[in-house]
Amino acid sequence: MAEAEKLRIDKYLWAIRIFKTRSLATEACKAGRVKLNGQNVKPSYVVKIGETYQIQKGIERKVIFVTGLLDRRVDAKTAVQFYEDRTPEEETYAFKSTFHAPMLKRDRGTGRPTKRDRREIDDLKSDWWETEDEK
């Protein structure tokens, strides 16, 4: 693979497939969602091997350790060789568990919930939140 001596952080994050487009990576850097040692990183910052970056994408947080420089986008299997994901397991599981939250659905055409329906819905929601907090 082609390795570069100097590589911008936005291009690197795009190349290792953290962001779908380079412009999204640039915007994340400008918005302060890419950090090095707690400091915001500009999109033109030069990546160095051995640095650790904290990246926030929506509700997902990642900690990336740079093991190699990659100046162009490649397939996912190859891209994984150029970084090490050091995201704590608690954060990874917390992010994934949000997708498995129960969804309450009402049948179409049943109208607005009555007071009794609303109380039942609230009880279901509170029961679920209490059991998740206890874990």
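Whatever comes next refers back to the structure up there.
Just so we're clear, the structure is a prediction, and the values are computed from it rather than from any experiment. As a convention, each chain's residues are numbered from 1 in the sequence order in which they are written. Per-residue local features of the predicted model are confined to residues with pLDDT of at least 70, and side-chain atom pairs are confined, for both listing and counting, to 80 or more; whole-chain, interface and lining totals are unaffected and use all residues. In computing side-chain values, all of the structure's heavy atoms are included and hydrogens and water are not.

## With respect to the overall build of the protein
Next, step 1: The secondary structure listing takes helices from DSSP runs of H or I that are at least 4 residues long and strands from runs of E that are at least 2 residues long, numbered from the N terminus. Along its length, the protein carries 5 helices and 5 strands.
Next, step 2: In the protein, which comprises 135 residues, the share counted as buried stands at 28%. Accessible area is worked out with a 1.4 Å probe on protein chains only. A residue is then buried under 20% of its type maximum, exposed over 50%, and partly exposed in between.

## Remarks on unusual backbone geometry
Next, step 1: For R17, which is not glycine, the phi torsion reads 70° and is therefore positive.
Next, step 2: With a phi close to 55°, N37 is a non-glycine residue in the positive phi region.
Next, step 3: Among the secondary structure elements, N37 is positioned in the loop between β1 (34–36) and β2 (39–40).

## Regarding the pairing of strand β3 (residues 52–57)
Next, step 1: When DSSP finds at least two bridges between two strands, those strands are taken to pair. The pairing of β1 with β3 spans 3 bridges and is classified as antiparallel. Within β3, the residue paired with K35 across the bridge is Q54.
Next, step 2: Across 6 bridges, β3 lies against strand β4 (residues 60–66) in antiparallel orientation. Counterpart to Q56 in the pairing with β4 is R61.

## Brief notes about helix α2 (residues 22–30)
Two residues of an α-helix separated by three or four positions point the same way, owing to the 3.6 residues in each turn.
Next, step 1: Of all the residues in α2, the buried ones are A25, T26, A28 and C29. With its buried residues spanning 160° around the axis, α2 presents them on a single face.
Next, step 2: The contact rule is simple, with two residues in contact once any of their heavy atoms fall within 4.5 Å. Elements in contact with the buried residues of α2: α1 (9–15) and β1.
Next, step 3: Just downstream of α2 lies G32, where phi reads positive at about 85°. Within this analysis, the arc is defined by the directions that extend from the helix axis to the C-beta atoms.

## Focus on the pairing of β4
Next, step 1: The element β4 is largely enclosed, with a buried count of 5 among its 7 residues.
Next, step 2: The antiparallel hairpin formed by β3 and β4 contains 2 residues in its connecting segment, where G58 sits at a positive phi of about 65°.
Next, step 3: Note that β4 and strand β5 (residues 83–85) share 3 bridges and pair antiparallel. Looking at β5, one finds that V66 is bridged to Y83.

## Let's talk about the sheet that holds β1
Next, step 1: A sheet is described by the order of its strands in space; here 5 strands give the open sequence β2-β1-β3-β4-β5, paired in antiparallel fashion. Bordering the open sheet on either side are β2 and β5, each of which pairs with just one other strand.

## Here's the deal with the pattern of salt bridges
Next, step 1: Here a salt bridge means any side-chain nitrogen of Lys or Arg lying within 4 Å of a carboxyl oxygen belonging to Asp or Glu. Evaluated as defined, the whole model comprises 6 salt bridges.
Next, step 2: One salt bridge in this structure joins K62 and D85, with 3.8 Å as the shortest N-O distance. With K62 in strand β4 and D85 in strand β5, this residue pair connects regions lying 23 residues apart in the sequence.
Next, step 3: Salt bridges sharing common partners tie together R8, D10 and R22.

## What about the packing of aromatic side chains?
Next, step 1: Working definition: a ring pair exists when centres of Phe, Tyr or Trp rings (six-membered ring for Trp) sit within 6.5 Å. Plane angles under 30 degrees give stacked, over 60 give edge-to-face, the rest tilted. Counted according to the given criterion, the structure contains 1 aromatic pair.
Next, step 2: Note that K57 overlies the ring of F19, its terminal NZ or CZ placed 5.8 Å from the centroid.
Next, step 3: Lying across the ring of F65, R86 places its NZ or CZ 3.8 Å from the centre. Two thresholds decide whether a charge sits over a ring: the Lys NZ or Arg CZ must be within 6 Å of the ring centre and within 35 degrees of the ring normal.

## Describing the environment of V47
Next, step 1: Summarising the element assignment, V47 is placed in the loop between β2 and β3.
Next, step 2: For the pair V47 and K11, spaced 36 residues apart in sequence, the C-alpha to C-alpha distance is 9.6 Å.

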